[in-house]
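Below, each chain spelled out in residue letters.
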Amino acid sequence: MPLTRAQPAPGPEAMETVAPAVDLVLGASACCLACVFTNPLEVVKTRLQLQGELQARGTYPRHYRGFVASVVAVARADGLCGLQKGLAAGLLYQGLMNGVRFYCYSLACQAGLAQQPGGTVVAGAVAGALGAFVGSPAYLVKTQLQAQTVAAMAVGHQHPHQWLPEDSWLVALAGGMISSVAVVTVMTPFDVVSTRLYNQPVDGAGRGRLYGGLADCLVKIWRQEGPLALYKGLGPTYLRLGPHTILSMLFWDELRKLAGRAQHQGS
């Protein structure tokens, strides 16, 4: 059916229904998930770009020759896990950069900037610049970690990092920050449902008047309020879950150390 004046084509501003906080978490989560699969390509790209730095072609050994050969070279030198070098820093970079980028762009759209002439371009440019600024330190660490390898295959300067040593509290901190994003994305719909089920009025027999159970509640929310309603309270949920997870990991790590010491002394 052709569009008429009474039926305008929906523009980006008409489709904008996601809160900035939701955009932040979903955008960061999606990009972190993609990073897990693309990080090996980043490792290979970093090695190829550093190879022959400031040297004339033909005057240096070429350890990395093309994509497939480079993948094999990295795996042989550093093991299969070497293809995921710098993953933690990469996840931090993607989460910071894209979280800020999606959040700022969503805020700009919510403020009506996208409806102004050239507003979309300005909003995208500013959001991208802010995201790159915030994520740049993590990108620096990621690049230096991905360049690290055995001396025989080394290219570029080798920075001697001690990135998140095993006995450091930073391990628990980083793990809590990253895992909280995934947990809150998966669990928020069920948290919304549990809140609705617990809070609904009941009849004389104690049966819920609004929902007949988990599945019924999910379906009703989806149909009547839309799928995004299952992510109501996403921001506060993460702000609560993040510190909770981090503290739990820190306490768990310290308690394990104490238990290990006690067991060692007892033996």
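About the criteria used
Residues numbered from 1 in each chain as written. Predicted model: local features only at pLDDT ≥ 70, side-chain atom pairs only at ≥ 80, totals over all residues. Heavy atoms only, no water. UniProt positions renumbered as here; feature names shortened; annotations may be inferred. Phe/Tyr/Trp six-rings, centres within 6.5 Å; stacked < 30°, edge-to-face > 60°. Helix = DSSP H or I, 4+ residues; strand = E, 2+ residues; numbered from the N terminus. Buried < 20%, exposed > 50% of the residue type's maximum accessible area, 1.4 Å probe, protein only. Lys NZ or Arg CZ within 6 Å of the ring centre and 35° of its normal. Salt bridge = Lys/Arg side-chain N within 4 Å of Asp/Glu carboxyl O.

Per an unreviewed UniProt entry, the protein chain is named Solute carrier family 25 member 34, and its organism is Balaenoptera acutorostrata. Under the UniProt heading Catalytic activity (unreviewed entry), the note attached to the protein chain is "a dicarboxylate(in) + sulfate(out) = a dicarboxylate(out) + sulfate(in)". The UniProt entry for the protein chain carries the following comment under Subcellular location (unreviewed entry): "Mitochondrion inner membrane".

Chemist: Lay out the packing of aromatic side chains with the relevant residues and their values.
Modeler: Evaluation of the coordinates by the stated rule reveals one aromatic pair. With a centroid separation of 4.9 Å and an interplanar angle of 65°, the aromatic rings of Tyr93 and Tyr139 are classed as edge-to-face. Linking Tyr93 in helix 4 (residues 87–110) with Tyr139 in helix 5 (residues 119–147), this pair joins segments that are 46 residues apart in sequence. Judged by relative accessible area, Tyr93 falls into the buried class, the value being 13%. Sitting above the plane of the Tyr139 ring, Lys142 keeps its charged end 4.2 Å from the centroid.

Chemist: Mind laying out unusual backbone geometry, listing which residues take part and the relevant values?
Modeler: Positive phi values are uncommon outside glycine, yet Leu54 reaches one of about 55°. Among the structural elements, Leu54 can be located in the loop between helix 2 (20–50) and helix 3 (67–78).

Chemist: How would you explain the pattern of salt bridges if you had to name every residue and give the values?
Modeler: Using the criterion set out here, one finds eight salt bridges in the structure. A salt bridge links Glu42 to Lys45; the nearest nitrogen and oxygen atoms lie 3.4 Å apart. Of this pair, Glu42 and Lys45 are both found in helix 2, three residues apart, which corresponds to roughly one turn of the helix. Classification of Lys45 by relative accessible area gives partly exposed; the value is 25%. A salt bridge links Lys220 to Asp216, with the nearest nitrogen and oxygen atoms 3.2 Å apart. You can see Lys220 and its partner Asp216 sitting in helix 7 (residues 214–225), four residues apart, about one turn around the helix. Taking relative accessible area as the criterion, Asp216 reaches 29% and is therefore assigned partly exposed. One salt-bridge network, in which partners are shared between bridges, spans Glu42, Lys45 and Lys142.

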